[in-house]
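Descriptive structure summary
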Amino acid sequence: MSLYDDAVLVLKSYEDQEELRGLYLDHLETHPDGMWKACQAGHVTASALVVDPESERVLLTLHKKLGMWLQMGGHCEPGDTTLASAALREAAEESGIDGLTLLPGGPVRLDRHAIPSPCNWHLDVQYAALAPAGAVEEISDESLDLRWFAYAEVPDVADESVVRLVERTRVAL
């Protein structure tokens, strides 16, 4: 099964955000290259919010290009076989944490956001990744900083999309 096929199956089985889910599926139907950064009409991305549920906190990255506190994530790569594995790969690469596991049940939410030209949109499929006990983060080349934030601190540092992701993750936990 290709990454494209996996994405379609994941989105068809996702039971929330019906209108946005339909937009993602329509985009993929119209754009067979819609999984890849080269698709200028927009492309599917995979991200994961790294969570330490025991300490009720999340790990956010200060994105190098955007200067914003965000969850880990980004573009799918040719070696990715599933959206879930792409999200987990991105979370491990950007957090430096070994042993992350995705919260069971599939994506936590979807988030469509505008990006600078030449592309137009990221169609982000968002997961939650559970950090193992005693996890130690390590800043990657893609980040200016990494920091753990208590759930209640997130609205003070991050935009609404991250706040909604934290809220949905807490419900899923």
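This report concerns the structure included in the present document.

**Points about the pairing of strand β1 (residues 43–52)**
Within β1, 10 of the 10 residues are buried, which leaves it mostly tucked inside the rest of the structure. Of the two faces of β1, the one lined by His43, Thr45, Ser47, Leu49 and Val51 and the one lined by Val44, Ala46, Ala48, Val50 and Asp52 are each fully buried. For β1 and strand β7 (residues 121–130), the ladder comprises 9 bridges, and the chain directions are parallel. Bridged to Val44 within β7 is Leu123. Counting the residues in the hairpin turn of β1 and strand β2 (residues 57–63) gives 4 residues, including Glu56, whose phi is positive at 55°.

**A look at the packing of aromatic side chains**
Within a pair of aromatic rings, the relevant descriptors are the distance that separates the centres and the angle that separates the planes. Counted by the stated rule, this structure contains 1 aromatic pair. With centroids separated by 5.1 Å and ring planes inclined at 75°, the aromatic side chains of Trp69 and Phe149 adopt a geometry described as edge-to-face. Of this pair, Trp69 sits in strand β3 (residues 69–70) while Phe149 is found in strand β8 (residues 143–150), placing the two residues 80 residues apart along the sequence. Residue classification places Trp69 among the buried positions, given a relative accessible area of 11%. Across the ring face of Trp148, the terminal group of Arg57 is positioned such that the distance to the ring centre comes to 4.1 Å.

Parameters and conventions
- Residues numbered from 1 in each chain as written.
- Predicted model: local features only at pLDDT ≥ 70, side-chain atom pairs only at ≥ 80, totals over all residues.
- Heavy atoms only, no water.
- Buried < 20%, exposed > 50% of the residue type's maximum accessible area, 1.4 Å probe, protein only.
- Helix = DSSP H or I, 4+ residues; strand = E, 2+ residues; numbered from the N terminus.
- Pairing = 2+ DSSP bridges.
- Phe/Tyr/Trp six-rings, centres within 6.5 Å; stacked < 30°, edge-to-face > 60°.
- Lys NZ or Arg CZ within 6 Å of the ring centre and 35° of its normal.

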